[in-house]
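Chain and residue survey
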Amino acid sequence: MKIKKVRGVKDILPGEIEKWQWVESITHSVFSNYGFKEIRVPIFEYTKLFSRGIGETTDIVEKEMYTFEDKGGEMITLRPEGTASVARAYVENKLYNPPSLTKLYYIGPMFRYERPQAGRFRQFYQIGVEAMGSQSPSVDAEVICMVSELLKRLGLKNTELQINSLGCPECRPQYRELLKKSGREKFEELCNNCQQRLDRNPLRLLDCKVETCSEIAQELPKTAEHLCEKCDQEFSLVKELLTSANTDFTINFKLVRGLDYYSKTAFEIVSSDLGAQSAVCGGGRYDQLVEEFDGPATPCFGFAIGLDRLVSLISTDDNPEIFRKPDLFIVALGEAAEKETFKITQNLRKQGVSVDRGYESTSMKSQMRKADKSGAAFVLILGENELNSRTCPLKNMSDGEQKDISLETLLADAKSVLISPT
Ligand code: ATP
Ligand code: MG
């Protein structure tokens, strides 16, 4: 019986996985320089965590969640994003004690029932960051600088950082009313989706992708021009700090983000190399979510990077270190040589040398082909004669030069032999 994978998911195979591992290792390194610690939260949670946390009127909750009833009759959802789970874990584990800025990040799969297409999967991966416990705009700026640095370290070009301010519970209600009023004036021209959600979630009108809505959005009142004094000052400070760190940005008045919990600074990083699904990263400030889960008042700032899209932008030509190649490949000819090869490879790997080998005594030609394909720096040939004399040909694959080497010399200090064989 031939069984295929479910629609909208993928296998990440060798040849591709190296890029993921490389991105992940640089992520760990950059984030730890900024004092962030990894958190691993479950892949599934009670459904109400997401419906309450993300917001009942969002696309994710209305249409995209993978929800099922488990055998105990509980409603469970595969996480569509990480922030709600991290906020839950923060409250449940009392990470607010002692009070300080809690800096967390996660890397892992997310699940959304969306129409699969380029850059959009049903199981996809995110790198996410949550800085919890400060309302200082310098946290906004620092976290945005951190993600910009990460993308720089990964060699990404053609990205644009876009920022906006969504206001706070003080100024947003008036702005929402203003938007509703302007939206109603153009009601007949709006797409069905925007007509339906105009009263519930008028902000989404700003980032609707339908062309007519997008044109209308151009003329709508802009959030950043209707901020209260405090939000306005904080937004100015974020911009000032970004500028002082040489982090380029543009203001995108239409940027609203699709989740209910955001307020004040919101940002996205888009790439012109990605096609229609151009957002690599999105995030912003969310000051009410932790209280929503009965935690103490905890202003937060976070973001999530779409790892699938990010990895698709990585160039292996510019970063050849992504693929680790064996230091040595051993061609083993004959039964006795095979046994000795087993011992030698074990010994060398313990010395930290990366070794691959031929198996099942296939022909010299076929093993040499495998050695070549593996990209090994050196090839050692071990047949019956070599076994008797304990001396083998060692070929430097970069210049083709071949020298004899005694097995004892190799085993005594493999690392230096393989740098400059004598
Ligand atoms: P989009 O507008 O692309 O639907 P979103 O606002 O739903 O994005 P977020 O919830 O902010 O996305 O998630 C952050 C990032 O995760 C996105 O910028 C994107 O790179 C990535 N992402 C979101 N949904 C998917 C998906 N279905 N497949 C692959 N990556 C995704
Ligand atoms: Mg989406």
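None of these values were measured; they are calculated from a predicted model. (Residues numbered from 1 in each chain as written. Chains lettered and ligands numbered in written order. Predicted model: local features only at pLDDT ≥ 70, side-chain atom pairs only at ≥ 80, totals over all residues. Heavy atoms only, no water.)

Digging into the packing of helix α5 (residues 137-153) against helix α9 (residues 229-244)
As a reminder, the rule being used: Every angle, taken between N-to-C directions, lies between 0 and 180 degrees, and every axis is a line fitted to C-alpha atoms, over only the stretch in contact when it is a helix. Strands here are runs of E lasting at least two residues and helices are runs of H or I lasting at least four, both read from the DSSP assignment and numbered beginning at the N terminus. Handedness of a crossing follows from how the near helix is turned relative to the far one, being left-handed for an anticlockwise turn of less than a right angle and right-handed for a clockwise one. Every residue pair with non-hydrogen atoms within 4.5 Å of one another is taken to be in contact. The classification used treats Ala, Val, Leu, Ile, Met, Phe, Trp, Tyr, Cys and Pro as nonpolar, Asp, Glu, Lys and Arg as charged, and all other residues, Gly among them, as polar.
Put simply, α5 and α9 touch, their axes get as near as 9 Å, and they point 40° apart. As for the relative orientation of α5 and α9, their crossing is right-handed in sense. Contact with α5, carried on its side by Pro137, Ser138, Asp140, Ala141, Ile144 and Cys145, involves Glu234, Leu237, Val238, Leu241 and Leu242 of α9 and no other residues of that element. Taken together, the residues that form the contact of α5 with α9 break down as eight nonpolar, one polar and two charged.

Description of the sheet that holds strand β15 (residues 391-396)
Our working definition: Pairing between two strands is assigned when DSSP locates at least 2 bridges connecting them.
Strands sit in the order β13-β12-β14-β15-β16 across an open sheet of five strands; the sheet is mixed. At either margin of the open sheet sits one strand with a lone partner, and together these are β13 (355-357) and β16 (402-406). Sheet twist, expressed as the mean angle between neighbouring strand axes with direction ignored, is 30°. Pairing analysis gives five bridges linking strand β12 (residues 328-332) to strand β14 (residues 378-382), with the strands arranged parallel. Across the sheet, residue alanine 332 finds its bridge partner in β14, namely leucine 382. The sheet contacts of helix α12 (residues 335-350) involve β12, β13 and β14, and relative to β13 the element is tilted by about 165°.

Things to note about the packing of aromatic side chains
Note the cut-off: Each pair of aromatic rings taken from Phe, Tyr and Trp, with Trp reduced to its six-membered ring, is defined by centres within 6.5 Å and is described as stacked if the planes are under 30 degrees apart, edge-to-face if over 60, and tilted in the remaining cases. When a residue's accessible area, from a 1.4 Å probe over protein chains only, is under 20% of the maximum for its type it is buried; when over 50% it is exposed; and in between it is partly exposed.
As enumerated under the stated definition, the model contains nine aromatic pairs in all. Each ring, one from phenylalanine 31 and one from tyrosine 105, has its centre 5.1 Å from the other, and the planes form 80°; the classification is edge-to-face. In this pair, phenylalanine 31 is assigned in helix α1 (residues 17-33) and tyrosine 105 in strand β5 (residues 102-111), connecting sequence segments 74 residues apart. Judged by relative accessible area, tyrosine 105 falls into the buried class, the value being 5%. Aromatic side chains phenylalanine 267 and phenylalanine 303 sit 6.1 Å apart centroid to centroid with 75° between the ring planes, which places their arrangement in the edge-to-face category. One end of the pair, phenylalanine 267, is in strand β9 (residues 263-271); the other, phenylalanine 303, is in strand β11 (residues 300-306), with 36 residues separating them in the sequence. Overall, phenylalanine 303 belongs to the buried group, its relative accessible area being 2%.

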